[in-house]
Protein chains: 2
Amino acid sequence: MFEYVERRVLRFHKNGDPREVLQMEKEKFQFKLEEGQVLIRWLCSPINPLDINIVQGVYAIQRELPAIGGSEAAGRVVKTHANSTLKQGDLVFPFISMSPNCWTDYSVANEDQLVKVDSRIDPLMASTFSVNPCTAWQMLRNFVEMNAGDWIIQNSANSGVGRSVIQLAKAWGIHSINIVRDRANIEKLKIELKHIGATHVFTEEEFAKNGRTFVREIVQNTHGGTVKLAFNGVGGRSCLAIAGALARGGTLITYGGMSKKAHEFSTAQLVFNDIRVRGIANGMWLMEGGHEEIVERMLKDLQELAVLGKLTPPPLDYHKIEDFKIAIENSMDGKHGKQMFIFEKATDSGFTSSPTSFSSLSPNSSFSEFPNGSSTSAFYPYQPIEVEVYAQTVDAEPQKRRSKRRSANRGKYNGQIGRPPKYLTNLITVDVETQMNRHKHTDDVLRKRRQKLALETCRRKKDQDIQVIV
Amino acid sequence: MFEYVERRVLRFHKNGDPREVLQMEKEKFQFKLEEGQVLIRWLCSPINPLDINIVQGVYAIQRELPAIGGSEAAGRVVKTHANSTLKQGDLVFPFISMSPNCWTDYSVANEDQLVKVDSRIDPLMASTFSVNPCTAWQMLRNFVEMNAGDWIIQNSANSGVGRSVIQLAKAWGIHSINIVRDRANIEKLKIELKHIGATHVFTEEEFAKNGRTFVREIVQNTHGGTVKLAFNGVGGRSCLAIAGALARGGTLITYGGMSKKAHEFSTAQLVFNDIRVRGIANGMWLMEGGHEEIVERMLKDLQELAVLGKLTPPPLDYHKIEDFKIAIENSMDGKHGKQMFIFEKATDSGFTSSPTSFSSLSPNSSFSEFPNGSSTSAFYPYQPIEVEVYAQTVDAEPQKRRSKRRSANRGKYNGQIGRPPKYLTNLITVDVETQMNRHKHTDDVLRKRRQKLALETCRRKKDQDIQVIV
């Protein structure tokens, strides 16, 4: 017996410019769960450079056409096969699969290609788990033995991978030298990256000018350390610059080539300084198989850090699936943060009838995890947690201020999807600056407070029953 | 008690352009052998790019000034300390030392920085042992497990390292794809490289055009092989080209950067094809220490191959030490083969008196190993052996023709130092072409003949007494 759900999909029938070949289709999705399969209701899914490349047809592995876009997402299990190890309501993300078909409301997925997420972790975090944090984890753990007190250097420090590297390095006591492109609000960005754990942040120009002295004076002489690893997501001369900071025998790992220029190394770096160059493609590495033990350790590590609030998603722009053209455009112009699709309940999106196959579930209840402000569920805890942390240190009456901001937040998000309101972003930055510059709170104090609050929030969440209503 | 010898030295008192800062000095060299030291009479010493860099002061390790140039040489032990493990007459080359001071007639050296050479090996070969063949050996043996039937690719195939790679690969049954720059006599060069063992030779343009198809059709489909290693002595786009031929997970090793351009790699090569990039500086690796076992195996391997005639020096231009300006100029203009200093007996070179400290040796006898044609000693067997080999296959009366060429050779070299006479070089090429194209002799037949002859020559040499007369 087949069942069906109505769903929207972002599909491409041929490879090409995603702004042209992607189209949104509404369809009745007929399915029959085989053993080991589950039906997933996707909650959110980001746009990664990888996803753009897949639509363009320039990624190493191509999808069979027509194909649904997307490779990362978080979703709830809404229907399982009789013998399933997952159960209804489990939060999952797709893993070890190049075709999770997640730019849609519903998919059927194989259980063994899904990771069940610790229920205390936010879906937004879960939906950005499998590419950037995993890449960062592997680069820090899988090539060279790194110990607390060691140093790494990276370009593209503000990218998704870059931010994950900063957070993981910080959590493990590894110092990071971070290179970013110069921009109008550079000081704000530096504060932000230092706040999530960066030891030092330089623009490319600053590092070109002072990098050599810095590595000699600060890293070697003051700290007695060496730069053992370099992470390169840019290529061209930027690659040359960070390779030059490596100690003899150091390793440079390339995970991307944003500049679209060849990755450059000097003869002195390779021949005399004996640096080693490697590349990493997380997805291909996973698909190769045979790394089960490492993968298990990696996912455990990352989830623990996410629960403690030490691993968070990068800044996100939210979009309805209908606004995919804007989202894709933003993702491709390189001037925006990560673009995130939020899949509201299908009935909100022009379907005349609700999905009909789950008679046991109430089809007319509103979908409780959508961030429309009408619920206090797990779906949107990230930004409020951060705001609460920042507010606490500058506020004489934290309880009152916190509730004020919550209601502001609630009003603003009601029925809207987009960036958090401007005044909120500003507030965060002001608070961070206040803490770091005026009150001279150390990173450590901040970290402990953030941790305590995250744990409290997690405990609160755990007590709630998870409602899954399709 | 001190002793002295009179010697000529090529010395630089400051770093700079070798054509300007190098100068020839004549001096009384006073010495006293400590335990573990010997006095060496150098026979010949090549000019390596490394030597140029050292004089310029741009090499990773700098010499204390004033310094004597040179890093490779072959010499005879002429005086030993009482407890020496070496004995008078031993043929040696300097090893594991950045300052062997070998652009001179005599040096004092530490025994543990000298390698005693199999007496059947030609001094010209011995003097080019420690840089190029050792680099080639390490690249083929020390990074990736290579088996007979595997493939390597290299640029700069006509360089000293490139030729050693070709010969070692051939000896071990490894196929080599060799890239050279286009030139007027390209077909002659291709034949020459194939003759010493190259499987395929392409110009850079040919490989850019057909390389991808070649690797797919010939290497993969016809031979079922993969290119596991790439050797890069050039940099720039040439590096990109050979890196592109590597199989997934293949390794590229850089040993030089002749183009003076940064070494380039694409994102696809590093990230999707998982290629690994390494560098090698033979000298620094040796000085690091701790590789005794590998070094011993390497030197044994290389000497065995040299005795069998499977490892030979590259084409050489010979120079008196007085003509060092021409030699250095030739070495730096990139249009000539390897430049080799031949140190004649000191008395030939303007000294009024002979070295006086070795009363037991006859100072007025001519130095028997100098290639002036007046002796049939070990010093100049390389070119004649090759000629004899080639002659045998096209000659109805090999014995007669061989003796004819010998006398021609003898006349030409009498008292002169320089390239082998033009007609001889031409003859070699004609003969090789004849063999390979007209008579369709396979490489294998040629190899066996060459081997047999080399062995015979070696046996002859072994019976001779080595004369050492300073």
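Residues numbered from 1 in each chain as written. Chains lettered and ligands numbered in written order. Predicted model: local features only at pLDDT ≥ 70, side-chain atom pairs only at ≥ 80, totals over all residues. Heavy atoms only, no water.

- In the nomenclature of an unreviewed UniProt entry, chain A corresponds to Enoyl-[acyl-carrier-protein] reductase, mitochondrial from the organism Mesorhabditis belari.
- What UniProt states about chain A under its Sequence similarities (unreviewed entry) heading is, verbatim, "Belongs to the zinc-containing alcohol dehydrogenase family. Quinone oxidoreductase subfamily."
- UniProt's Subcellular location (unreviewed entry) comment on chain A is quoted here verbatim: "Mitochondrion". (UniProt positions renumbered as here; feature names shortened; annotations may be inferred.)

### Section: the overall build of chain A
Part 1 of the reasoning: Each helix and strand counted, chain A has 16 helices and 17 strands in total.
Part 2 of the reasoning: Long-range contacts, defined here as pairs at least 24 residues apart, represent 73% of the contacts in chain A between residues at least 6 apart.
Part 3 of the reasoning: Taken as a whole, chain A presents about 20,300 Å² of accessible surface, with 48% of it coming from carbon and sulfur. (Helix = DSSP H or I, 4+ residues; strand = E, 2+ residues; numbered from the N terminus. Contact = heavy atoms within 4.5 Å. Areas by Shrake-Rupley, 256 points an atom, 1.4 Å probe, with all protein chains shown as cover.)

### Observations regarding the sheet that holds strand β2 (residues 22-31) of chain A
All names here are of chain A.
Part 1 of the reasoning: Strand order in this open sheet of three strands is β2-β1-β4, and the pairing throughout is antiparallel. If you trace the sheet from one side to the other, it starts and ends with β2 and β4 (67-68), each paired once.
Part 2 of the reasoning: Pairing of strand β1 (residues 3-12) with β2 involves 10 bridges; the strand directions are antiparallel. Counted as the bridge partner of R7 is E27 from β2. (Pairing = 2+ DSSP bridges.)

### Quick notes on the relation of the copies chain A and chain B
Part 1 of the reasoning: For the pair chain A and chain B, the relating rotation is 180°, the translation along its axis is 0.0 Å, and the fit reaches an RMSD of 0.0 Å. Read as a symmetry element, the transformation amounts to a two-fold axis.
Part 2 of the reasoning: When you check the interface residues of chain A against chain B, 100% turn up at the interface there too, and the contact is symmetric in its surfaces. (Least-squares fit on C-alpha atoms with pLDDT ≥ 70 in both.)

### Here we look at the interface of chain A and chain B
Part 1 of the reasoning: If you look at the interface, chain A gives 26 residues, while chain B gives 26 residues.
Part 2 of the reasoning: Together, the buried faces of chain A and chain B total about 2,200 Å²; carbon and sulfur atoms form 58% of this surface.
Part 3 of the reasoning: A per-residue breakdown of the area chain A buries against chain B is headed by L270, V271 and F272 of chain A, which together make up 24% of the total.
Part 4 of the reasoning: At the junction of chain A with chain B, the criterion picks out four salt bridges.
Part 5 of the reasoning: Scanning the region where chain A abuts chain B turns up seven residue pairs in polar contact (both at pLDDT 80 or more).
Part 6 of the reasoning: Broken down by secondary-structure element, the contributors of at least two residues to the side of chain A that touches chain B are β14 (263-265), α9 (267-272), β15 (276-279) and α10 (282-288) of chain A.
Part 7 of the reasoning: Of the residues assigned to the side of chain A that touches chain B, the class counts are 13 nonpolar, seven polar and six charged. (Buried area = accessible area lost by both parts, 1.4 Å probe. Salt bridge = Lys/Arg side-chain N within 4 Å of Asp/Glu carboxyl O. Polar contact = N/O pair within 3.5 Å; in protein donor to acceptor, adjacent residues only side chain to side chain. Nonpolar A, V, L, I, M, F, W, Y, C, P; charged D, E, K, R; others polar.)

### Concerning the pattern of salt bridges
Part 1 of the reasoning: Within this structure, the stated rule accounts for 44 salt bridges over all chains.
Part 2 of the reasoning: Residues K228 of chain A and D150 of chain A are paired through a salt bridge, measuring 3.0 Å at the closest nitrogen-oxygen approach. Of this pair, K228 of chain A sits in strand β12 (residues 227-232) while D150 of chain A sits in the loop between α4 (132-141) and β9 (151-154), placing them 78 residues apart in sequence.
Part 3 of the reasoning: D150 of chain A sits in the buried class, given a relative accessible area of 14%.
Part 4 of the reasoning: Close ionic contact of E187 of chain B with K190 of chain B constitutes a salt bridge, the shortest N to O distance being 4.0 Å. Of the two residues, E187 of chain B and K190 of chain B are both situated in helix α6 (residues 186-195); the distance of three residues between them amounts to about one turn of the helix.
Part 5 of the reasoning: Owing to a relative accessible area of 48%, E187 of chain B belongs among the partly exposed residues under this scheme.
Part 6 of the reasoning: Under the relative-accessibility criterion, K190 of chain B is labelled buried at 10%.
Part 7 of the reasoning: When salt bridges that share partners are traced, they join R7, R11, E25 and E27 of chain A into one network. (Buried < 20%, exposed > 50% of the residue type's maximum accessible area, 1.4 Å probe, protein only.)

### Focus: the pairing of strand β5 (residues 74-80) of chain B
Looking along a regular strand, one sees side chains alternate from face to face of the sheet.
Residues and elements named next belong to chain B.
Part 1 of the reasoning: Counted residue by residue, β5 has five buried out of seven residues, so it is predominantly covered.
Part 2 of the reasoning: Of the pairings in the sheet, the one linking β5 to strand β6 (residues 91-94) comprises two bridges and is antiparallel in character. Across the sheet, R76 pairs through a bridge with L91, a residue of β6.

### Some words on the environment of R183 of chain B
All names here are of chain B.
Part 1 of the reasoning: Counting through the fold element by element, R183 comes out in the loop between β10 (175-180) and α6.
Part 2 of the reasoning: Given a relative accessible area of 30%, R183 falls into the partly exposed group.
Part 3 of the reasoning: In this structure the side chain of R183 is engaged in a polar contact, spanning 3.2 Å, whose partner is the backbone oxygen of R181.

### Comments concerning the sheet that holds strand β2 (residues 22-31) of chain B
Residue and element names in this part refer to chain B.
Part 1 of the reasoning: The strand order across the open sheet formed by three strands is β2-β1-β4, and the pairing between neighbours is antiparallel. Each of the sheet's edge strands pairs with one partner strand only, and the pair in question is β2 and β4 (67-68).
Part 2 of the reasoning: Bridge count for strand β1 (residues 3-12) against β4 is two bridges, and the pairing is antiparallel. Within the sheet, the bridge partner assigned to R11 lies in β4 and is I68.

### Details of the packing of aromatic side chains
Aromatic rings in a pair are described by how distant their centres are and how their planes are angled relative to each other.
Residues and elements named next belong to chain B.
Part 1 of the reasoning: For the structure on display, the rule yields 17 aromatic pairs over all chains.
Part 2 of the reasoning: Arranged with centres 5.9 Å apart and planes meeting at 25°, the rings of F29 and F31 form a pair that is stacked.
Part 3 of the reasoning: Aromatic pair F93 and F95: ring centres 5.9 Å apart, planes at 85°, arrangement edge-to-face. The exposure classification of F93 matches that of F95, with both residues buried. (Phe/Tyr/Trp six-rings, centres within 6.5 Å; stacked < 30°, edge-to-face > 60°.)

### Describing the packing of α4 of chain A against helix α5 (residues 160-171) of chain A
Residues and elements named next belong to chain A.
Part 1 of the reasoning: Contact pair α4 / α5: the axes reach a minimum separation of 8 Å and the direction vectors enclose 55°. Relative to α5, the element α4 is oriented oblique. The chirality of how α4 crosses α5 is right-handed. Contact residues: α4 offers N132, P133, T135, A136, W137, M139 and L140, while α5 offers G160, V161, S164, V165, L168 and A169. (Axes fitted to C-alpha atoms, helices over the stretch in contact; angles between N-to-C directions. Parallel < 35°, antiparallel > 145°, perpendicular 65-115°, else oblique. Left-handed = near helix turned anticlockwise from the far one by under 90°.)

### Digging into unusual backbone geometry
All names here are of chain A.
Part 1 of the reasoning: With an omega of -10°, the peptide bond running from L65 to P66 counts as cis.
Part 2 of the reasoning: By secondary structure assignment, the location of P66 is in the loop between α2 (49-56) and β4.
Part 3 of the reasoning: Its identity is not glycine, yet D274 carries a phi of approximately 55°, on the positive side.
Part 4 of the reasoning: Following the sequence through the fold, D274 ends up in the loop between α9 and β15.
Part 5 of the reasoning: For D274, a relative accessible area of 14% corresponds to the buried category.

### Remarks on the nonpolar core
Part 1 of the reasoning: Judged by nonpolar contacts, the single largest core of 46 residues is most densely connected at F95, L168 and F231 of chain B.
Part 2 of the reasoning: In terms of residue count, the dominant contributor to this core is helix α11 (residues 292-307) of chain B (seven residues).
Part 3 of the reasoning: Counting only domains with at least three residues in this core, you end up with domain 1 (3-128 + 313-333) and domain 2 (132-285) of chain B.
Part 4 of the reasoning: In this structure, M146, V161, V295 and L299 of chain A belong to the second largest nonpolar core, which totals 45 residues. (Core = buried A, V, L, I, M, F, W, Y, C linked by side-chain atoms within 4.5 Å. Domains from an automatic or database assignment.)

### Focus on the pairing of β10 of chain B
Residues and elements named next belong to chain B.
Part 1 of the reasoning: Counted residue by residue, β10 has five buried out of six residues, so it is predominantly covered.
Part 2 of the reasoning: Where strand β9 (residues 151-154) lies against β10, four bridges are found, and the strand directions are parallel. When the sheet's bridge partners are listed, I153 is paired in β10 with I177.
Part 3 of the reasoning: For the crossover that starts at β9, traverses helix α5 (residues 160-171) and ends in the parallel β10, the hand is right-handed.
Part 4 of the reasoning: With four bridges connecting them, β10 and strand β11 (residues 200-203) associate as parallel partners. Along β11, the bridge assignment pairs V180 with T203.
Part 5 of the reasoning: For the handedness criterion, the β-α-β arrangement of β10, α6 and β11 is classed as right-handed. (Right-handed = clockwise from strand over helix to strand, strands pointing away.)

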